[in-house]
Amino acid sequence: MNPVEPTKFNELVKKSDHGHVYHLYQWGTLLEEVHGHRLVYLQEDEGIFPLAHIKTRIFGDRLISLPFADYGGPCAQDGETADSIISECEKVAQELGVDFIEIRCPDSRYFEIFNKHGFVRRDDYFTFILELNKDVDDLWGAVPKNKKKKVKSAENRGVQVIQATDKADVKIFYTLYSKTMKKLGSPPQHNRFFEKIWDLFYPKNMRLFLAVYENHYIAGRIVFLHNGTIQQAYSCSPRRDIKVSPNDLLQWHIIKWGKEHGFNIINFGRTRENEGVMVFKSQWSTKRINMPYFYKFYGKGLGQRQETKYKWISQLWSKYMPEFVANRIGPWIIKQVG
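Residues numbered from 1 in each chain as written. Predicted model: local features only at pLDDT ≥ 70, side-chain atom pairs only at ≥ 80, totals over all residues. Heavy atoms only, no water.

1. Description of the overall build of the chain
Secondary structure summary: the chain contains 13 helices and 14 strands in total. Split into buried and exposed, the 338 residues of the chain put 53% on the buried side. Contacts in the chain between residues at least 24 apart in sequence constitute 75% of all its contacts with a sequence separation of at least 6. Put simply, the chain shows about 15,900 Å² of open surface, and 48% of that area lies on carbon and sulfur atoms. (Helix = DSSP H or I, 4+ residues; strand = E, 2+ residues; numbered from the N terminus. Buried < 20%, exposed > 50% of the residue type's maximum accessible area, 1.4 Å probe, protein only. Contact = heavy atoms within 4.5 Å. Areas by Shrake-Rupley, 256 points an atom, 1.4 Å probe, with all protein chains shown as cover.)

This is the structure we're talking about:
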């Protein structure tokens, strides 16, 4: 909306103690180049606020900070700046005529400001945090016995974890990812989404880990890196019938790697109540943290979240949708969802 200088924009994100990798200018570039979303960059002298305009017939006309991200909202050096750019966000929303604004888990210091501006809070999501403030032996000692057993079993069976160093490895990950999404009944991203992530974020802000067993790739995980935090973003393991616990080995490998490379925190990523991954994420001596969203409605309010409302479609998708069809139409659907 207003012209910004990417380097200056990222400098403001990096010097903020509550900026996330999703605030970086590269994330907006990813959304524009892969999905064609219109990005709105609000910037004051000491603060930034990235948003994306998504207009669809299915899910409505929305201004989101930020699509496909666990976090959004302003990055500002003081409350006055945050208040100013939140006001500007409201003006933009009215100019665009959106149905609502959605702010995904902004920093808690902005909660009162959003409340003052008439935003409504919802608590549909949470995450799990692991602090890496112990040495590796103590981190291993805090892992429950059942998890240690699975990690050791995977190692004894010959499962190995490798770190991708070539963009060609993204294709391997996407094959695992698309099969996993089909099994879960969820529309997948396009493979270009992950290729562009590699182009924009590797190696400074992103890593890809793959689990290999008997010369076959059986699991993968993409993590983002920013300001001492490892943000676990995309995981896949379609062949769950293999009793070799690749996800447990991957998780322990990332914990060790994070500690050895000077990271302070592992964020296990956005989760909903009663999801299968909720149990997995809670079993690594992690702390559960709420992830509130804030909304400003200009029409009717938001009822059930779309992933709950259309759960029956997910079940049909998983059971009956051919994989090649899912990979063709899934990216179009996910673009509308944001």
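2. Re the packing of aromatic side chains
This model, assessed by the stated rule, comprises 32 aromatic pairs. With 5.8 Å between their ring centres and 70° between their planes, Phe-68 and Phe-193 make a pair best called edge-to-face. Taken as a pair, Phe-68 in the loop between β3 (60-65) and β4 (75-76) and Phe-193 in helix α8 (residues 191-201) lie far apart in primary sequence, 125 residues in all. For the pair Phe-68 and Phe-193, a shared accessibility class is recorded, and that class is buried. Ring plane angle 80° and centroid distance 6.0 Å describe the contact between Phe-193 and Tyr-234, whose orientation is recorded as edge-to-face. Of this pair, Phe-193 sits in helix α8 while Tyr-234 sits in strand β11 (residues 229-236), and the two are 41 residues apart along the sequence. On the basis of relative accessible area, Phe-193 is assigned to the buried category, the value being 0%. The ring centre of Tyr-125 lies 4.3 Å from the NZ or CZ of Arg-270, which sits over that ring. (Phe/Tyr/Trp six-rings, centres within 6.5 Å; stacked < 30°, edge-to-face > 60°. Lys NZ or Arg CZ within 6 Å of the ring centre and 35° of its normal.)

3. With respect to α8
The complete set of buried residues in α8 reads Phe-193, Phe-194, Ile-197, Trp-198 and Phe-201. Buried residues of α8 fall within an arc of 140° about the axis and therefore sit on the same side. In this structure, the buried residues of α8 make contact with α2 (25-35), α7 (169-184), β9 (206-213), β10 (216-226) and β11. (Arc of directions from axis to C-beta.)

4. Re the nonpolar core
By size, the foremost hydrophobic cluster in this structure holds 47 residues, and its most contacted members are Trp-27, Phe-173, Phe-193, Phe-194, Ile-197, Phe-224 and Tyr-234. A per-element tally of this core places α7 first, with 6 residues. If you look at the next biggest cluster of nonpolar residues, it comprises 31 residues, including Phe-209, Ala-211, Tyr-213 and Ile-266. (Core = buried A, V, L, I, M, F, W, Y, C linked by side-chain atoms within 4.5 Å.)

5. Quick word on the pattern of salt bridges
Throughout the structure, instances matching the rule amount to 13 salt bridges. Put simply, Asp-107 and Arg-109 hold a salt bridge, and the shortest N to O gap is 2.5 Å. The exposure class assigned to Arg-109 is partly exposed, which follows from its relative accessible area of 46%. Via salt bridges that share partners, Asp-17, Asp-107 and Arg-109 belong to a single interconnected network. (Salt bridge = Lys/Arg side-chain N within 4 Å of Asp/Glu carboxyl O.)

6. Some details on the packing of α7 against α8
At a minimum axis distance of 10 Å, the contact between α7 and α8 shows a crossing angle of 140°. Taken together, the axes of α7 and α8 are oblique relative to one another. For the element pair α7 and α8, the recorded crossing hand is right-handed. Each of Val-170, Lys-171, Phe-173, Tyr-174 and Tyr-177 in α7 lies in contact with α8, whose residues at this interface are Asn-191, Phe-194, Glu-195 and Trp-198. Split by residue class, the contact of α7 with α8 holds 6 nonpolar, 1 polar and 2 charged. (Axes fitted to C-alpha atoms, helices over the stretch in contact; angles between N-to-C directions. Parallel < 35°, antiparallel > 145°, perpendicular 65-115°, else oblique. Left-handed = near helix turned anticlockwise from the far one by under 90°. Nonpolar A, V, L, I, M, F, W, Y, C, P; charged D, E, K, R; others polar.)

7. Observations regarding the sheet that holds strand β8 (residues 160-163)
Read from one edge to the other, the open sheet built from 7 strands follows the order β8-β9-β10-β11-β12-β7-β13, with strand pairing classed as mixed. Two strands lie at the open edges of the sheet, namely β8 and β13 (287-290), each paired on one side alone. Each adjacent strand pair in this sheet contributes to an overall mean axis angle of 30°, direction not counted. Packed on one face of the sheet, α7 meets β9, β10 and β11 and runs near 105° to β10. (Pairing = 2+ DSSP bridges.)

8. Quick look at the environment of Lys-204
Its location among the elements puts Lys-204 in the loop between α8 and β9. For Lys-204, a relative accessible area of 59% corresponds to the exposed category. Separated by 21 residues in sequence, Lys-204 and Leu-225 place their C-alpha atoms 7.2 Å apart. In contact with Lys-204, other than residues within four places in its own chain, are Lys-14 and Leu-225.

9. Quick word on the side chain of His-23
Mapped onto the fold, His-23 is located in the loop between α1 (6-14) and α2. Apart from residues no more than four positions distant in its own chain, His-23 is found in contact with Phe-9, Val-13, His-18, Ile-48, Pro-50, Leu-66, Gly-72, Gly-73, Pro-74 and Cys-75.

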